[in-house]
Amino acid sequence: MRSIAAVPSAAYGLNALLSAMEFRPGSNVVISSLNFPTGVFSFHALRSRGLIKEVRIARSVNGYVPLEEYERLIDDNTVVVFVDYVSWITGGYRERVRGGIAEIAHARGGAVLISDAFHAVGVLPIDVTKDGVDALITGSYKWLLGPHGAGFVYVSDELLSRLKPSLSGWMGGIDDNQVSRRLRGGEKLFEKPIDVSTYIPARDAARLEWGGTWPVIAFEGTLASMKLLLKYEVPHRFEEHTSRLIMHLADSLGDLGLKVTTPLDSHAAILTFEYSDPYGLAEFLGRNGIVVSPRPGIIRVSPHGYNTVEEVERLIEALRAYIRSRA
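Reading the values: rules and limits
- Residues numbered from 1 in each chain as written.
- Predicted model: local features only at pLDDT ≥ 70, side-chain atom pairs only at ≥ 80, totals over all residues.
- Heavy atoms only, no water.
- Core = buried A, V, L, I, M, F, W, Y, C linked by side-chain atoms within 4.5 Å.
- Buried < 20%, exposed > 50% of the residue type's maximum accessible area, 1.4 Å probe, protein only.
- Helix = DSSP H or I, 4+ residues; strand = E, 2+ residues; numbered from the N terminus.
- Contact = heavy atoms within 4.5 Å.
- Salt bridge = Lys/Arg side-chain N within 4 Å of Asp/Glu carboxyl O.
- Pairing = 2+ DSSP bridges.
- Axes fitted to C-alpha atoms, helices over the stretch in contact; angles between N-to-C directions.

Attention now moves to the nonpolar core. Counting residues in hydrophobic clusters, the biggest one holds 34 residues, and the most contacted among them are Tyr70, Val81 and Leu113. Mapped by element, the contributors of at least two residues to this core are helix 3 (67-73), strand 4 (78-84) and helix 4 (97-107). When neighbours within four sequence positions are excluded, Tyr70 is seen to be in contact with Val30, Ser32, Ala58, Val65, Val83, Glu95, Ile101 and Ile104.

This paragraph deals with the pattern of salt bridges. All told, the structure shown has eleven salt bridges when counted by the stated rule. Ionic pairing is found between Glu209 and Arg2, a salt bridge with its closest N-O pair at 3.2 Å. Highlighted residues: Glu209 in the loop between helix 7 (179-184) and helix 8 (216-231) and Arg2 in the segment before strand 1 (4-7), separated in sequence by 207 residues. Classification of Glu209 as buried rests on a relative accessible area of 2%. Put simply, Glu69 and Arg72 hold a salt bridge, and the shortest N to O gap is 3.0 Å. Of this pair, Glu69 and Arg72 both sit in helix 3, separated by three residues, roughly a single helical turn.

Across the sheet, three strands lie side by side as 8-10-9; this open sheet has antiparallel pairing. Sheet topology places strand 8 (271-274) and strand 9 (293-295) at the edges, where each strand pairs with a single neighbour. Strand-to-strand twist in this sheet, taken as the mean axis angle between neighbours without regard to direction, amounts to 25 degrees. Bridge analysis of strand 9 against strand 10 (residues 298-301) gives three bridges, and the strand direction is antiparallel. Directly across from Arg295, in strand 10, lies its bridge partner Ile298.

Next up on the list: unusual backbone geometry. Positive phi, normally seen in glycine, also occurs at Asn62, with a value near 55 degrees. In this model, Leu145 sits at a positive phi of 65 degrees, which is unusual for a non-glycine residue. Classification of Leu145 by relative accessible area gives partly exposed; the value is 36%.

What follows is the structure, given as structure tokens:
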């Protein structure tokens, strides 16, 4: 059974998944304050329509959410726990999904654990079965190095059996009507008529592919980038490499008097540090050929497998020069 659906974006995939789920009256959803806004807004929208009763937000402390916070918020009425696999805003904090959040979610009334892995897939090895993830969403244009317009949704077999799409399209039908099945099988797309007298969702994750025709260019570009990454044994080799770069940068930032905001005991290939004028600093670095991401009160640095120690040294020297010029 195909457990991964191809969708135009991570946000699209999440909303396709949520539209096929059934929610108990009076239920709640637990999310993290460190989540990217996409999922947060989706669950608030469900609450505004009365499909769920409450959105509970697990608050962060020093850049991460303690497991005790999830234990406090998740109860027998929790239907979904939604966390980013890696935080986008606190410097790549890697959530304690395996043996932590997943275990708590499943023990309290069997809540579904959904993870946004946009900042993890392509640079960290992920095993959804061992991690206890029921559904995972991601997109193509960050660590996967693909173009915009492609995304993926993994759905476990158990969750898939309970999905009842409230929307559909010509890509999501079953058997002879399933367009993606015809395409994968090398059949002529319109050799057989498409039966429009009824609708039965696809048996596999294709039931979430109700957005119409795939953006073919985006998926072809993503396929090419994924072949390149697999050639270099990503993400297993890149996790170790990027970790070395992050730790070297963290040590050097401390020497410059800059405060690292990334929890270094559980991190991915992202590091953030405080700065009073993040956009001014980012513009200076950009003029020197160094690209970083300014965020409210912080700078985010995201080395990938193609970055080198020498490039990190260039960043450090540029930071030192900028700080001196402002002294």
